[in-house]
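Here is how the chains run, residue by residue.
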Amino acid sequence: MNGYFAMATGLAERVDQIFVTFDHWAVTNTPEPLRWLVSILLIVVPILAVFPGLFALTTVLERKGLGRIQNRYGPNRVGPYGLLQPIADAVKSLTKEDVVPRTADGVVHYLAPLVIVSTAFLAYAVLPVGRNMIAVHLDAGLLFFFAIGSATELAVFMAGWSSRNKYSLLGAMRAIAQMISYEVPLILSSIAVIMIAGTLSPEKIVLEQAQYTGIFPHWYVFTPWGFAGFLLFMTAAAAETNRSPFDLPEGESEIIAGYFVEYSGFKFALFFLAEYLEIFAVSGLGITLFLGGWSAPLSFLAVIPSWIWFFAKLLVMIGVFIWVRGTMPRLRMDQLMNFAWKFMLPMALIDMVCAGVWRFLPGGALWVVLRWLICAAIIVVPYVALARGLEQGRKIEQRVYRYAEEG
Amino acid sequence: MLGEGIVKGLIETARNFVGSYVDKDRLVTVQYPEERNPLPEAARNFPFLLYDGDDPEAGLRCVSCHICEKECPPRCIHIEKSTDKKPDFVGKQQFYPKVFNIDVSVCMSCQICVEVCPFDAIRMDKEFELSTDDRFGGLLWTKKELAKPNEYYQKIHPMEAAETDARRAEELKQTQAKAAAAAAAAAAKAAEAAKAAEAAKAGNGAAGKEPSA
């Protein structure tokens with residue numbers, strides 16, 4: 001019995017590490033002068049293949065999901081269940097004419113989609129997609145991620161400014177205002193994790209969470225500060241990636257497509273790709289910080305390879321993003337800003353305080369419950385107070401129209 | 001409470017999402033090429049020419065009177081009259097169209113040609129899947145493509161067809177009755193004439209006899 005168990009765990013271990021072992025084998029079996037190239041390619045090519053593939057899958061899943069939410073079928077013509085739709089879309093976008101406005105700044109207009117896609121890809125360098133599966137072992141990985149994340153703003157503004165179109169510029173302005181505003185709560189809510197884990201390395205943060213008490217994991221989302229932090233992080237992430245309900249920069253019904261209104265054909269597809277890559281990356285970071293990264297949700301489920309767990313969690317996150325998009329209408333610009341500065345920012349700061357309290361309260365048997373209660377109160381009381389305060393200013397009443405009358 | 005409405009909305013959309021898989025009635029989309037809704041009786045698209053019997057040439061109702069051609073607002077009908085005549089359904093000798101073309105890329109489906117036709121020869125079709133890769137020849141329909149049997153008309157517009165058929169049967173009956181009456185009158189006249197002739201003959205005979213006697 002024990003022998004079988006050992007064999008099973010050994011096998012699971014080998015399947016878990018199959019990509020790492022293959023990588024190692026391939027590098028050691030190439031001649032010395034080419035090793036650097038092979039090792040780089042073996043890291044870059046899978047990232048360049050897997051995540052755009054996931055993008056293709058997500059586009060069709062999103063359209064089908066939104067369709068079902070609206071009691072429609074969604075795409076079901078190309079291939080079985082419409083799953084080959086992305087191929088048709090790709091062919092279409094490749095064969096479209098690439099229109100560049102005559103008054104556009106040619107170089108910047110050309111560079112913007114390239115910059116946005118390359119920065120979106122760079123974020124994956126520090127994302128652990130499985131045990132020992134990370135492109136670059138960076139001690140300050142989180143810092144790198146946020147720095148690269150901010151670089152997309154540059155590309156967005158390049159696109160908006162160089163197009164010389166009012167809608168583009170408006171979209172870009174909105175995007176910059178929104179991204180800068182939401183970057184603050186995004187980073188502040190992840191600081192709580194950094195405080196508890198004591199490291200900026202995504203790998204180590206995951207390792208911290210990949211421990212089990214009994215069968216239950218030590219994911220940060222199962223603590224009061226982690227839960228609040230996770231919600232804050234994902235809300236800010238949705239705004240950061242211009243995702244509905246924070247899709248003001250694109251706002252089809254208001255400013256057509258925002259900053260990429262003057263892009264057509266494959267450049268448009270690149271913007272689309274970059275947007276989804278950012279969503280995956282920031283969801284991946286949310287998983288890494290709060291949902292235990294590649295670790296299994298229950299200790300005995302660890303036989304399933306770690307990379308499957310990561311991608312399963314990622315798909316769930318994508319599903320939630322689609323669900324939220326199908327539910328909520330777009331915010332107005334002032335609502336967006338109010339929400340960022342009057343609610344998200346104070347809550348993120350309170351969350352940091354809560355994480356500090358959690359860290360320094362003693363961990364005895366009695367204190368486990370007490371610590372929980374104290375920290376939950378630290379989150380819930382300000383939440384209710386803030387919600388009340390925000391709602392007080394808003395009185396919903398019927399608008400009285402006054403017409404120009406004589407006398 | 002902040003967030004309450006969001007949760008409510010999420011539950012609602014989730015109910016719709018799951019419901020669309022469970023309850024088929026929710027999905028109102030008609031999957032067009034495979035499924036299709038029946039067209040209403042009054043649906044119309046482009047005109048066609050009616051013929052009686054089996055032969056589209058012999059049974060064609062059109063007598064080439066050019067009324068529809070003149071009334072057609074976008075002028076999409078082109079008719080060339082024949083030089084000889086053929087009998088129509090009541091047996092009367094009528095011209096027929098040597099050429100009858102409708103350019104459906106010009107036709108605006110107004111049904112005026114149908115309203116003005118005194119011979120019930122042109123009617124509106126329901127066929128709407130007419131795409132072709134030849135935008136000139138493929139959309140210029142000749143007599144051959146336009147001619148369709150009366151049974152087809154009865155199938156696509158049953159109420160209208162019943163009315164037309166009843167009227168035409170009545171007309172045929174009247175014509176036949178008239179013809180019969182005319183024939184009877186002619187026969188009576190002939191008989192009378194014959195009688196008169198006979199009488200005259202008899203008179204003549206007597207008269208002829210008289211001098212000879």
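Keep in mind that what you see is a predicted model, and the values were worked out from it rather than measured.

Asker: Where do I start with the overall build of chain B in this structure?
Answerer: Looking only at helices and strands, chain B features six helices and eight strands. Scanning chain B from its N terminus toward the C terminus, one meets helices and strands in the order α-β-α-β-β-β-β-α-β-β-α-β-α-α. Reported as C-alpha extents along the three principal axes, the dimensions of chain B are approximately 140 × 40 × 25 Å. Taken across its 213 residues, chain B has 16% of its residues classed as buried. Within chain B, counting contacts between residues at least 6 apart in sequence, those at least 24 apart form 68% of the total.

Asker: What is the right way to read the overall build of chain A from this model?
Answerer: When its secondary structure is counted, chain A shows 14 helices and two strands. For chain A, whose C-alpha radius of gyration is 24 Å, the value lies close to the compact-globule estimate of 22 Å for 407 residues. Based on the C-alpha atoms only, the size of chain A along its principal axes is roughly 95 × 60 × 40 Å. In chain A, buried positions account for 39% of the 407 residues.

Asker: It is not clear to me how the environment of Leu 122 of chain A should be interpreted in this structure. Could you clarify?
Answerer: All names here are of chain A. Take Leu 122: it is sitting in helix α5 (residues 106-122). Take Leu 122: there are 20 C-beta atoms within 10 Å of it, and that puts it in the buried class. For the pair formed by Leu 122 and Pro 329, sequence separation is 207 residues and the distance between their alpha carbons is 31 Å.

Asker: So what exactly am I meant to see when it comes to the packing of helix α3 (residues 35-69) of chain A against helix α4 (residues 85-95) of chain A here?
Answerer: Packed helices, taken two at a time, are described by the angle between their axes plus the distance between the axes. All names here are of chain A. Closest axis-to-axis distance for the α3/α4 pair is 9 Å, and the angle between their directions is 110°. Overall, the two elements α3 and α4 adopt an arrangement that is roughly perpendicular. The segment α3 lies against α4, with Ala 56, Thr 59 and Val 60 engaging Gln 85, Pro 86 and Asp 89. Its residues assigned to classes, the contact of α3 with α4 shows three nonpolar, two polar and one charged.

Asker: Would you mind showing me how to read the pairing of strand β5 (residues 97-103) of chain B here?
Answerer: Regular strands place side chains that alternate from one sheet face to the opposite one. Sheet topology places strand β2 (residues 77-81) of chain B next to β5 of chain B; five bridges connect them, and they run antiparallel. When the sheet's bridge partners are listed, Glu 80 of chain B is paired in β5 of chain B with Val 99 of chain B.

Asker: Honestly, the interface of chain A and chain B in this entry has me stumped. Any pointers?
Answerer: Often the size quoted for an interface is simply the accessible area lost on bringing the parts together. Between chain A and chain B, the contact holds eleven residues from the first and 13 residues from the second. Elements with a minimum of two residues in the side of chain A that touches chain B: α3, α12 (306-327) and α14 (365-392) of chain A. Among the elements that take part in the side of chain A that touches chain B, α12 of chain A stands out by supplying three residues, more than any other. Of the residues belonging to the side of chain A that touches chain B, the class tally is six nonpolar, three polar and two charged.

Asker: Help me understand the sheet that holds strand β6 (residues 122-124) of chain B in this model?
Answerer: Think of a sheet as strands paired side by side through backbone hydrogen bonds, with each pair either parallel or antiparallel. All names here are of chain B. With respect to topology, three strands assemble into an open sheet ordered β6-β1-β8, the strand pairing being mixed. Each having just a single partner strand, β6 and β8 (147-149) make up the two edges of the open sheet. Sheet twist, expressed as the average angle between the axes of neighbouring strands with direction ignored, equals 50°. Alignment of strand β1 (residues 47-51) against β8, held across three bridges, turns out to be parallel. In the sheet register, Tyr 51 faces β8, and the bridge partner there is Pro 149.

Asker: Which parts of the structure should I look at to understand the nonpolar core?
Answerer: Note that soluble globular proteins tend to have their nonpolar side chains buried in a common cluster. By size, the foremost hydrophobic cluster in this structure holds 89 residues, and its most contacted members are Ile 116, Ala 159, Phe 233, Ala 236, Leu 277, Ala 281 and Phe 290 of chain A. With 14 residues, the single largest contributor to this core is helix α11 (residues 265-290) of chain A. Apart from the residues within four sequence positions on either side, Leu 277 of chain A is in contact with Phe 51, Phe 55, Ala 120 and Phe 121 of chain A. Counting residues in hydrophobic clusters, the runner-up holds 23 residues, among them Ile 77, Ala 121, Trp 141 and Ala 147 of chain B.

Asker: Mind showing me how you'd approach the pairing of β1 of chain B here?
Answerer: All names here are of chain B. The buried fraction of β1 amounts to five of the five residues, a majority that puts the element mostly inside the structure. Note: β1 against β6, three bridges, orientation antiparallel. Within β6, the position partnered with Phe 48 by the bridge is Arg 123.

Asker: I'm lost on α3 of chain A in this one. Help?
Answerer: An α-helical segment advances 3.6 residues per turn. Residues three or four places apart therefore align on the same side. Across its 35 residues, α3 of chain A extends 50 Å between first and last C-alpha, which sits within 8% of the 51 Å expected from 1.5 Å per residue. Listed in full, the buried residues belonging to α3 of chain A are Phe 51, Thr 58, Val 60, Lys 64, Gly 65, Gly 67, Arg 68 and Ile 69 of chain A. Where α3 of chain A is buried, its residues meet α4, α11 and α12 of chain A together with α1 (4-22) of chain B. Of the residues one or two after α3 of chain A, Asn 71 of chain A is the one with positive phi, at around 55°.

Asker: What exactly am I supposed to notice about unusual backbone geometry here?
Answerer: Among all residues save glycine, negative phi is the norm, and among peptide bonds the norm is trans. For Tyr 81 of chain A, which is not a glycine, the phi torsion comes out positive at approximately 55°. Positionally, Tyr 81 of chain A belongs in the loop between α3 and α4. We note that Ser 109 of chain B has phi near 60°; this positive angle belongs to a residue other than glycine. Along the chain, Ser 109 of chain B turns up in the loop between β5 and α3 (112-116). The class for Ser 109 of chain B is exposed, based on 12 C-beta atoms found within 10 Å.

Asker: Teacher, can you tell me more about helix α13 (residues 333-360) of chain A here?
Answerer: Residue and element names in this part refer to chain A. With 28 residues, α13 ought to run about 40 Å at 1.5 Å a step, and its terminal C-alpha atoms sit 40 Å apart, in line with that. Of all the bends found along α13, the most pronounced is centred on Met 344 and spans about 30°, while Pro 346, a proline, follows it within four residues. Of the positions making up α13, those classed as buried are Leu 336, Phe 339, Ala 340, Met 344, Met 347, Ala 348, Ile 350, Asp 351, Cys 354, Ala 355 and Trp 358. Buried residues along α13 sit against α7 (166-197), α9 (224-240) and α14.

Asker: How should the sheet that holds β5 of chain B be read in this particular structure?
Answerer: Read from one edge to the other, the open sheet built from three strands follows the order β2-β5-β7 (chain B), with strand pairing classed as antiparallel. A strand with exactly one partner marks an edge of an open sheet, and here the two such strands are β2 and β7 (140-141) of chain B.

Asker: Help me understand the confidence of the model for chain B in this model?
Answerer: Any residue range with low pLDDT should be treated as having predicted coordinates unsuitable for detailed reading. Residue and element names in this part refer to chain B. Mean pLDDT over chain B stands at 86; residues scoring 70 or higher make up 95%. Of all secondary-structure elements in chain B, the lowest mean pLDDT belongs to helix α6 (residues 158-212), at 81, while α3 reaches the highest, 92. Both scores are available for the predicted complex, with the pTM at 0.78 and the ipTM at 0.78.

Asker: Mind showing me how you'd approach the environment of Ile 156 of chain B here?
Answerer: All names here are of chain B. Structurally, the position occupied by Ile 156 is in helix α5 (residues 150-156). Classification of Ile 156 by C-beta neighbours within 10 Å gives partly exposed; the count is 19. Distance from Ile 156 to Ala 42, taken between C-alpha atoms, is 9.2 Å for residues 114 residues apart in sequence.

Asker: When you look at the environment of Gly 65 of chain A in this model, what are you seeing that I'm missing?
Answerer: Residue and element names in this part refer to chain A. With respect to the helices and strands, the residue Gly 65 is situated in helix α3. Separated by 231 residues in the primary sequence, Gly 65 and Ala 296 place their C-alpha atoms 27 Å from one another. The residues contacting Gly 65, other than those within four sequence positions of it, are Ile 322 and Gly 326.

Scoring rules and cut-offs
Residues numbered from 1 in each chain as written. Chains lettered and ligands numbered in written order. Predicted model: local features only at pLDDT ≥ 70, side-chain atom pairs only at ≥ 80, totals over all residues. Helix = DSSP H or I, 4+ residues; strand = E, 2+ residues; numbered from the N terminus. Buried ≥ 20, exposed ≤ 12 C-beta atoms within 10 Å, placed from the backbone. Contact = placed C-beta atoms within 7 Å. Rg over C-alpha atoms; globule rule 2.2 N^0.38 Å. Axes fitted to C-alpha atoms, helices over the stretch in contact; angles between N-to-C directions. Parallel < 35°, antiparallel > 145°, perpendicular 65-115°, else oblique. Nonpolar A, V, L, I, M, F, W, Y, C, P; charged D, E, K, R; others polar. Pairing = 2+ DSSP bridges. Core = buried A, V, L, I, M, F, W, Y, C linked by C-beta atoms within 7 Å. Expected span 1.5 Å × (residues − 1). Bend = angle between axes of the 7 residues up to and from the residue. pLDDT = per-residue confidence, 0-100.

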